[in-house]
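Chain residues, written in single-letter form:
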Protein chains: 2
Amino acid sequence: MPPVGAGTVTTPAGVRAAGVHCGIKADRPDLALVVTDAPAAAAALFTTNRVAAAPVQVCRAQVARGQAQAVVINSGNANACTGLQGLRDAWEMVDLTAAALGLARDLVLVASTGVIGVPLPMARLREGIPAAARALGPHGDRAAEAIRTTDAFPKTGAVQVEIGGRPVAVGGMAKGAGMIHPRLATTLAVLTTDAAVAPAVLRQALREAVDASFNRISVDGDTSTNDTVIALATGAAGHPPVRTVAEPGFAVLRDALTALARHLALLVVRDGEGATKVVEVAVTGARSAAEAQRAAEAVMTSPLVKTAFYGTEPNWGRILAALGRSGAEVDPDRVTVTLGGVEVVRGGVGVADRLPAAAAAMREPAFTVAIDLGLGTGAWHGWTCDLTEGYVRLNSGYLT
Amino acid sequence: MPPVGAGTVTTPAGVRAAGVHCGIKADRPDLALVVTDAPAAAAALFTTNRVAAAPVQVCRAQVARGQAQAVVINSGNANACTGLQGLRDAWEMVDLTAAALGLARDLVLVASTGVIGVPLPMARLREGIPAAARALGPHGDRAAEAIRTTDAFPKTGAVQVEIGGRPVAVGGMAKGAGMIHPRLATTLAVLTTDAAVAPAVLRQALREAVDASFNRISVDGDTSTNDTVIALATGAAGHPPVRTVAEPGFAVLRDALTALARHLALLVVRDGEGATKVVEVAVTGARSAAEAQRAAEAVMTSPLVKTAFYGTEPNWGRILAALGRSGAEVDPDRVTVTLGGVEVVRGGVGVADRLPAAAAAMREPAFTVAIDLGLGTGAWHGWTCDLTEGYVRLNSGYLT
């Protein structure tokens, strides 16, 4: 996969963006626009939570057409659990954006993130959306800034590939940093490209990219009401359109989207609420890929394992306990566990004298826990972070 | 159900106990014995974790006979993930106890709790078990002291009932305080009674008592490798034995065991690692009891919900988000949520002006979150605690 470098949603040709402060938050940017010069192919994936926020319901309907020209996103308020008024407000955000940009309503996607259960301050958005439209430019960085919630830093990136002999850019932004789990764990991301691609092909590429990235990260095991990943493809790169997944351009685009989405997903984990470490959990030797995922997720979400990561304690007993309750078939006598490259468990039993070396490896800001269940060929890996006092502090004082 | 008062495992007639320091822990009691004057009816329930500690494997085999006269328990070391040596050590604990008490090996049950993956220091147990046997007496309190791990306080209780016109006592002890989840969430408990009861009937009473108590609590969502709940019935109360579940004595005994087990389970939650609050989560209106349990467990284990409990923040959006990802059928428009008696959500939307009252109710050391899904008659309730900085501190520095 291509390396991901500097860049944003406005790196691809034909995309402008803005990020402004409209007053939902006290003093930080809280409103983002991403706009393409002409109608773009559009695809999106959404939260699997049964409690889906109003903008998710609206955006799901809007994106079904496979075409969009603008995405409006506010932070500071999720417009979730806000009833009929919430739906009305999400539609009004669409209409305000369409009016400010002179577009058809059908071409506007919408997303929100922030506190749940509080009505949107629509007066602010009625002023803010036209102001954001006036501020449009090569400002992907400002848009990324405006979708932050508890994020410590904005998350952007871009990657360059070539399709049909033409340079193609893929850019993007995401926000963390809580309610992150591998069932569309992202809360919000927008990926843009100047590739020319049919909406159904873009959707397939997006699905594969998300399965290899946002669907592999966990911060806290919670799943947001607002998760939305949107992809827009302007076609401005000028190559012949990719119309089927059998064409070579599909794999190139998919791999570029995957590289970028993984870059963004790992930034989300690194910025996990209170986190000090990124830990890859890689399970092999399961009876199936699904069992490998179940085993890995139990380890990735165990508070006892995650506090041990924080304390750089090679407490592999907690890892085995998590595997044993995961629901995956586990035969303790066959389990091997490697912490940061140091094998600490073989055949379900501790390897003598390896704990100091493992503890040293766990002091790195990123390391891998490799688990071989020794039962089959099923494999899966994901990324999690540690559980810290900072997480508790941040989340016990969110509203107050 | 009868009220639970002061008392211990030695409150029932025909039971002696001891708790001593044998040197597994640096300076606290770490070895407990519970012994009946004659062979007692015995039943036990064990962890559902696939990674079961050696003493669990041994105890499961021993208790299958339905008779026992002694239980030996050490803290400070779980003898889990210790391979063949661990099994040999668990059997040696049985043999040491049988020898010290002059009993047949078949009559000894065994349990361990503490750190996983470290071999038992058998030299300490070879001296400690005979010493504990010499110390036997009405010392249920000392036994409860000796099974503590991270517990802040010992957990005991007893209850008096009447069967066949004779007074019957049920006493018990448990330990907390981590790896607690409603799949036999307890780590260790011993319940004793002087009731006369057939082993199969005792087993059924124990199962129902545990389903209403230890199988309803969560501290951290993790499930121990060592969970063991043992019931011993001496028959010393002298009433005609309860031989079937159809006899009136069964319900009396079951209800007494249930009351005691619930008392102990709630002490475990109150002493949950770092916990400052006990929160009952009661779900009604689910499509089935199983869905109600799934919904309640999602709320009980959500770190975002539990940190909000800690911060006394009525952040009901996190509760709705947890319900929505639980796997239970949830229609947001039908959900009602009451926090400490204050209705904060009706029809999936916040009730105006109730947050200050709800926050005040959440400042109590115990309160109830009542959730009505409005879809059916399925109900389930359980108990959880808050997630605090103390939990992280405790568990990030457990080994070191």
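Values in this document were obtained by computation on a predicted structure and should not be read as measured data. (Residues numbered from 1 in each chain as written. Chains lettered and ligands numbered in written order. Predicted model: local features only at pLDDT ≥ 70, side-chain atom pairs only at ≥ 80, totals over all residues. Heavy atoms only, no water.)

Novice: Is there a simple way to explain the overall build of chain A in this structure?
Specialist: Helix and strand counts for chain A come out as eleven helices and 15 strands. For a compact globule of 400 residues, the expected C-alpha radius of gyration is about 21 Å, and chain A comes in at 22 Å, within 12% of that figure. Considering only C-alpha atoms, chain A reaches an extent of 70 × 55 × 35 Å along its principal axes. Here chain A holds 400 residues, and 63% of them are scored as buried. Carbon and sulfur atoms form 51% of the exposed surface of chain A, whose accessible area is close to 13000 Å². Looking at charge distribution, chain A has the averaged site of its 35 positive side-chain charges lying 3 Å from that of its 35 negative ones. (Helix = DSSP H or I, 4+ residues; strand = E, 2+ residues; numbered from the N terminus. Rg over C-alpha atoms; globule rule 2.2 N^0.38 Å. Buried < 20%, exposed > 50% of the residue type's maximum accessible area, 1.4 Å probe, protein only. Areas by Shrake-Rupley, 256 points an atom, 1.4 Å probe, with all protein chains shown as cover. Lys, Arg positive; Asp, Glu negative; His and termini not counted. Charge placed at Lys NZ, Arg CZ, Asp CG, Glu CD.)

Novice: Help me out: how do you make sense of the sheet that holds strand β14 (residues 366-372) of chain B in this one?
Specialist: By definition, the strands of a sheet pair up through backbone hydrogen bonds, in either a parallel or an antiparallel sense. Residue and element names in this part refer to chain B. Judged by pairing direction, the sheet is mixed, and its seven strands sit side by side in the order β8-β15-β10-β14-β11-β12-β13 without closing on themselves. The strands lining the two open edges of the sheet, one partner per strand, are β8 (217-218) and β13 (349-350). Pairing of strand β10 (residues 278-286) with β14 involves seven bridges; the strand directions are parallel. When the sheet's bridge partners are listed, Ala282 is paired in β14 with Ala370. On top of the sheet, helix α6 (residues 248-270) reaches β8, β10 and β15 (378-385); it is set at about 50° to β15, its chief contact. Along the sheet, helix α10 (residues 355-362) contacts β11 (336-339), β12 (342-346) and β14; its crossing angle with β12, the most-contacted strand, is approximately 130°. (Pairing = 2+ DSSP bridges. Contact = heavy atoms within 4.5 Å. Axes fitted to C-alpha atoms, helices over the stretch in contact; angles between N-to-C directions.)

Novice: Can you help me understand the environment of Gly140 of chain B in this one?
Specialist: Residues and elements named next belong to chain B. On the secondary structure map, Gly140 appears in helix α4 (residues 140-146). Classification of Gly140 as buried rests on a relative accessible area of 0%. Remark: the alpha-carbon pair of Gly140 and Thr193, spanning 53 residues in sequence, is separated by 13 Å. When near neighbours in sequence (up to four residues on either side) are disregarded, Gly140 contacts Thr8, Val9, Thr10 and Ala17.

Novice: Any chance you could explain the packing of helix α8 (residues 303-310) of chain A against helix α9 (residues 316-325) of chain A here in plain terms?
Specialist: Axes are the key here: two packed helices are described by the angle between their axes and the distance separating the axes. All names here are of chain A. Contact geometry for α8 and α9: axes closest at 9 Å, N-to-C directions at 155°. One element, α8, and the other, α9, form an angle in the roughly antiparallel class. α9 is crossed by α8, and the crossing has left-handed handedness. Packed against α8, whose contacting residues are Leu304, Val305, Thr307 and Ala308, the element α9 presents Arg318, Ile319 and Ala322 at the interface. In terms of residue class, the contact of α8 with α9 is built from five nonpolar, one polar and one charged. (Parallel < 35°, antiparallel > 145°, perpendicular 65-115°, else oblique. Left-handed = near helix turned anticlockwise from the far one by under 90°. Nonpolar A, V, L, I, M, F, W, Y, C, P; charged D, E, K, R; others polar.)

Novice: Sorry, what's going on with unusual backbone geometry here?
Specialist: Peptide bonds are, in most cases, trans, and in most cases residues other than glycine have a negative phi. Residues and elements named next belong to chain A. A cis geometry characterises the amide bond from Gly176 onward to Ala177, with omega recorded as -5°. Looking at the element boundaries, Ala177 is found in the loop between β6 (166-175) and β7 (188-193). Even without a glycine there, the phi angle at Met179 is positive, about 50°. Tracing the backbone through its elements, the reader meets Met179 in the loop between β6 and β7. Within the chain, Thr312 stands out as a residue other than glycine whose phi angle is a positive 45°. By secondary structure assignment, the location of Thr312 is in the loop between α8 and α9.

Novice: Quick question: what am I supposed to make of helix α11 (residues 389-396) of chain A here?
Specialist: Owing to its 3.6 residues per turn, the α-helix brings residues three or four apart onto one side. Burial within α11 of chain A is extensive, with six of its eight residues counted as buried. Among the residues of α11 of chain A, Glu389, Gly390, Tyr391, Val392, Asn395 and Ser396 of chain A are the ones counted as buried. On its buried side, α11 of chain A packs onto α8 of chain A together with α8 (303-310), α9 (316-325) and α11 (389-396) of chain B.

Novice: Would you mind showing me how to read the environment of Thr11 of chain A here?
Specialist: Residue and element names in this part refer to chain A. Mapped onto the elements, Thr11 comes out in the segment before β1 (15-20). Here Thr11 falls in the partly exposed class, since its relative accessible area comes to 31%. Those residues in contact with Thr11, other than ones at most four positions away along the chain, are Ala158, Gln160 and Ala169. Among the polar contacts made by the side chain of Thr11, one reaches the main-chain amide nitrogen of Thr8 at a distance of 2.8 Å. (Polar contact = N/O pair within 3.5 Å; in protein donor to acceptor, adjacent residues only side chain to side chain.)

Novice: Hey, could you run me through the interface of chain A and chain B in this one?
Specialist: Interface size is commonly expressed as the accessible area that is lost once the parts come together. Each partner contributes to the interface: chain A provides 51 residues, whereas chain B provides 51 residues. Across the chain A/chain B interface, buried area totals approximately 4100 Å², and carbon plus sulfur atoms make up 61% of it. Ranking the residues of chain A by area buried against chain B places Arg50, Leu304 and Glu313 of chain A at the top, with a combined share of 14%. Two residues, Arg393 of chain B and Glu389 of chain A, come together in a salt bridge whose shortest N-O distance is 3.5 Å. Along the contact surface separating chain A from chain B lie 13 residue pairs in polar contact (both at pLDDT 80 or more). (Buried area = accessible area lost by both parts, 1.4 Å probe. Salt bridge = Lys/Arg side-chain N within 4 Å of Asp/Glu carboxyl O.)

Novice: So what exactly am I meant to see when it comes to the domain arrangement of chain A here?
Specialist: Residues and elements named next belong to chain A. Segmentation of chain A into domains returns domain 1 (15-270) and domain 2 (278-396). The interface of domain 1 with domain 2 comprises 16 residues on the first partner and 13 residues on the second. Of the roughly 1200 Å² buried at the junction of domain 1 and domain 2 (both faces included), carbon and sulfur atoms supply 63%. Inspection of the domain 1/domain 2 interface yields one salt bridge. One salt bridge connects Glu297 with Arg183, and the closest N-O pair in it is separated by 3.0 Å. Across the contact surface, domain 1 and domain 2 share seven residue pairs in polar contact (both at pLDDT 80 or more). At the level of elements, β8 (217-218) and α6 (248-270) are the ones that each hand at least two residues to the side of domain 1 that touches domain 2. With four residues, α6 is the largest single contributor of residues to the side of domain 1 that touches domain 2. (Domains from an automatic or database assignment.)

Novice: Could you clarify how one ought to interpret the pairing of strand β10 (residues 278-286) of chain A in this entry?
Specialist: Remember that side chains alternate between the two faces of the sheet whenever the strand is regular. Residue and element names in this part refer to chain A. Counting buried positions along β10 yields seven of nine residues, so the element is predominantly enclosed. As defined by bridge partners, β10 adjoins strand β15 (residues 378-385) across seven bridges and the pair is classed as antiparallel. Looking across to β15, one finds that Val278 is bridged to Cys385.

Novice: Is there a simple way to explain the pattern of salt bridges in this structure?
Specialist: Oppositely charged side chains may form a pair once their charged atoms are brought near each other. Per the stated rule, a full pass over the model turns up 32 salt bridges over all chains. Taking the shortest distance from any N to any O, the salt bridge between Arg325 of chain B and Asp222 of chain A comes out at 2.7 Å. One end of the pair, Arg325 of chain B, is in helix α9; the other, Asp222 of chain A, is in the loop between β8 and β9 (228-233), on a second chain. Judged by relative accessible area, which is 0%, Asp222 of chain A ranks as buried. Linked by salt bridges that have partners in common, Asp151, Lys155 and Asp271 of chain A make up one network.

Novice: Help me understand the relation of the copies chain A and chain B, please; the structure alone is not making it clear to me.
Specialist: Both copies of the chain are placed relative to one another by a rotation about an axis and a shift along it. When chain A is fitted to chain B, the best match, at an RMSD of 0.0 Å, comes from turning it 180° and sliding it 0.0 Å along the axis. The operation mapping one copy onto its partner corresponds to a two-fold rotation axis. Nearest to the rotation axis, the C-alpha of Glu389 of chain A is located 2.4 Å from it, this being the minimum over chain A. (Least-squares fit on C-alpha atoms with pLDDT ≥ 70 in both.)

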